[in-house]
Amino acid sequence: AIPIPEELPAEEACLIGCAIATGVGAALNTSPVWEGARVAVIGCGGVGLSVVQGARIAGAAEIVAIDREPRKLEWAQRLGATETATEPPADRRFDFAFDAVGIPATLEQAVAMLDHAGIATLVGLPHEGAEATFGLKQLFDARAQIRVSHGGDMLPAEDFPRLARLALDGELDLAGMVSRVVALDGVEQSLAAMAGGDVIRSVVRL
């Protein structure tokens, strides 16, 4: 068992073990964002929004959240994005680009957005057989890196209490990730709402 502070509400604490750990961990563990860095996050579902929070906690100067859904961009701005866009900005380069979608096109976009010595990180879970294409000369000349984040590369016994403390200290917004709390009979409706992009996360409370 991993101890979580009793003062952290259960409907917030329960999020730590999945989207929060994956996204925040990608920005703090897999590809540690440095203070003042320029960060792009492609995909603003629960994981992407957690990457945004991780970049904010790390002290990034620019956090550009990219998604085609306006409501997701509103959530991203509320959770720490400094800018939002519906498409990757063509004239901007970043120190870090996180792909929270996990399809070939978005990873290729992440690599294309990198500045010299930038790091692209695959966070979203790709489908079997998905293949992305990169120009090797582009990667070589830019000294770019591509990393893969598995669940934020977290050590639960060490990192989950740390995330809980960040939440209690007001640095990690867990409450803002809970769109609704439902009873058991509301699960089916909540799953449909999540599939439709209407909520960040729904929490079932018995």
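Fair warning: this is a prediction, and the values are worked out from it, not measured in the lab.

Undergrad: Teacher, can you tell me more about the sheet that holds strand β5 (residues 114–122) here?
TA: Adjacent strands of a sheet form backbone hydrogen bonds with each other and so pair up, either parallel or antiparallel. Here 6 strands make up an open sheet; going across it, the order is β3-β2-β1-β4-β5-β6 and the pairing parallel. Looking at strand neighbours, the two that pair on one side only are β3 (83–85) and β6 (145–148), the edges of this open sheet. Ignoring which end each strand starts from, the neighbouring axes of this sheet average 20 degrees apart. In terms of strand pairing, strand β1 (residues 38–42) meets strand β2 (residues 62–66) through 5 bridges, oriented parallel. When the sheet's bridge partners are listed, I42 is paired in β2 with I66. Sheet strands touched by helix α5 (residues 104–112): β1, β4 (94–99), β5 and β6. Its angle to β5, the strand with the most contacts, is close to 155 degrees.

Undergrad: Where do I start with the packing of helix α2 (residues 16–30) against helix α3 (residues 46–58) in this structure?
TA: Angle between the axes and distance between the axes: these two values describe a pair of packed helices. Where α2 contacts α3, the two axes come as close as 7 Å, and the packing angle between them is 40 degrees. It follows that α2 is oblique to α3 by the angle criterion. By crossing handedness, the relation of α2 to α3 is classed as right-handed. Seen from α2, the contacting residues are A19, I20, T22, G23, V24, A26, A27 and L28; seen from α3, they are G46, V47, S50, V51, G54, A55 and A58. When its residues are assigned to classes, the contact of α2 with α3 shows 10 nonpolar, 5 polar and no charged.

What counts, and at which threshold
- Residues numbered from 1 in each chain as written.
- Predicted model: local features only at pLDDT ≥ 70, side-chain atom pairs only at ≥ 80, totals over all residues.
- Heavy atoms only, no water.
- Pairing = 2+ DSSP bridges.
- Helix = DSSP H or I, 4+ residues; strand = E, 2+ residues; numbered from the N terminus.
- Axes fitted to C-alpha atoms, helices over the stretch in contact; angles between N-to-C directions.
- Contact = heavy atoms within 4.5 Å.
- Parallel < 35°, antiparallel > 145°, perpendicular 65-115°, else oblique.
- Left-handed = near helix turned anticlockwise from the far one by under 90°.
- Nonpolar A, V, L, I, M, F, W, Y, C, P; charged D, E, K, R; others polar.

Geometric descriptors of this kind do not, in isolation, establish any biological role.
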